Amino acid sequence: SSGINAEYGENSGDHALSCLTGGYSIMRHDGIRDLVAEICVYAGLKGVEKEKLLLPCGNHDFHHAANTAPDARMDVVVSGLWRDMQSAYMDVRIFHANAPSYLSDH
């Protein structure tokens, strides 16, 4: 066998955390996103929005990892988290910290 199954084993927890097939990584992402938004609402914060579209950025030169697509959006946007009338933008990132791609020899 080759690929991820040979590396992690067919039914291992590592495989479940690393496999991009089947939509589990999206479900984990959306679950954490929803939890963060719920916690903000529970804490009494106002203006909690999920998947809010960002304003177009035009022809500015951004870091190579920046999402400059016209439909770019943030996972959670909260008004008044740090200061009144100021928005906090949150991006949820799900990853498996022990995946071989994150490990280094040093």
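Fair warning: this is a prediction, and the values are worked out from it, not measured in the lab. (Residues numbered from 1 in each chain as written. Predicted model: local features only at pLDDT ≥ 70, side-chain atom pairs only at ≥ 80, totals over all residues. Heavy atoms only, no water.)

### Let's talk about the overall build of the chain
- Looking only at helices and strands, one finds three helices and three strands in the chain.
- Going from N to C terminus, the chain has its helices and strands arranged as α-α-α-β-β-β.
- By residue count, 20% of the 106 residues in the chain fall in the buried class.
- Relative to all contacts within the chain whose residues are 6 or more apart in sequence, the contacts with residues 24 or more apart total 41%.
- About 8,400 Å² of surface is accessible on the chain, with carbon and sulfur atoms providing 55% of the total. (Helix = DSSP H or I, 4+ residues; strand = E, 2+ residues; numbered from the N terminus. Buried < 20%, exposed > 50% of the residue type's maximum accessible area, 1.4 Å probe, protein only. Contact = heavy atoms within 4.5 Å. Areas by Shrake-Rupley, 256 points an atom, 1.4 Å probe, with all protein chains shown as cover.)

### As for the pattern of salt bridges
- Scanning all chains against the criterion turns up seven salt bridges.
- Arg33 is the partner of Glu51 in a salt bridge, and the nearest nitrogen-oxygen pair spans 2.9 Å. Of this pair, Glu51 sits in strand β1 (residues 46–53) while Arg33 sits in helix α3 (residues 24–42), placing them 18 residues apart in sequence.
- We note a salt bridge from Glu49 to Lys52, for which the minimum N-O separation is 3.4 Å.
- Take Glu49: its relative accessible area is 35%, and that puts it in the partly exposed class. (Salt bridge = Lys/Arg side-chain N within 4 Å of Asp/Glu carboxyl O.)

Structural measurements only, silent on function.
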